[in-house]
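# An overview of the molecular structure
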Amino acid sequence: MTAWTWRFEKADGTEVQPAVQPEEFTTQGDAESWIGEYWKDLLAGGADQVRLFEDVTEIYGPMSLHADES
């Protein structure tokens, strides 16, 4: 089974522990829905950006959690 996971980072790419512990996602859509629900809490907890992985393959990132950036 494919596992979709997020990596939580500071702006410089340093990995940080998330303020909200994610579940294990079985689809990309589930992972993206979760980040859409919790991004403000993650930002408040010290994460600046995230990367999405399918197993060990990076799908995209870094994606900023700061709303004022595109």
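Everything here concerns the structure above.
The rules behind these values
- Residues numbered from 1 in each chain as written.
- Predicted model: local features only at pLDDT ≥ 70, side-chain atom pairs only at ≥ 80, totals over all residues.
- Heavy atoms only, no water.
- Core = buried A, V, L, I, M, F, W, Y, C linked by side-chain atoms within 4.5 Å.
- Buried < 20%, exposed > 50% of the residue type's maximum accessible area, 1.4 Å probe, protein only.
- Helix = DSSP H or I, 4+ residues; strand = E, 2+ residues; numbered from the N terminus.
- Contact = heavy atoms within 4.5 Å.
- Phe/Tyr/Trp six-rings, centres within 6.5 Å; stacked < 30°, edge-to-face > 60°.

Residues Trp6, Phe8, Trp34, Ile35 and Leu42 are the most contacted members of the largest nonpolar core, which totals 14 residues. Listing elements by their share of this core, those giving two or more residues are β1 (4–9), α1 (28–44) and β2 (49–54). The element that contributes the greatest number of residues to this core is α1, accounting for four residues. When sequence neighbours within four positions are dropped, the list of residues in contact with Trp6 reads Phe25, Ala31, Glu32, Trp34, Ile35, Val50, Arg51, Leu52, Tyr60 and Met63.

Scanning the model with the defined rule gives four aromatic pairs in all. A centroid spacing of 6.2 Å and a plane angle of 70° characterise the contact between Trp6 and Tyr60, whose relative ring orientation is edge-to-face. Of this pair, Trp6 sits in strand β1 while Tyr60 sits in strand β3 (residues 57–64), and the two are 54 residues apart along the sequence. Trp6 gets classed as buried once you look at its relative accessible area, which sits at 8%. Take Tyr60: its relative accessible area is 25%, and that puts it in the partly exposed class. Look at Phe8 and Trp34: their rings are 6.3 Å apart centre to centre, the planes differ by 70°, and that puts the pair in the edge-to-face class.

Limitation: the analysis is restricted to geometry and does not speak to function.
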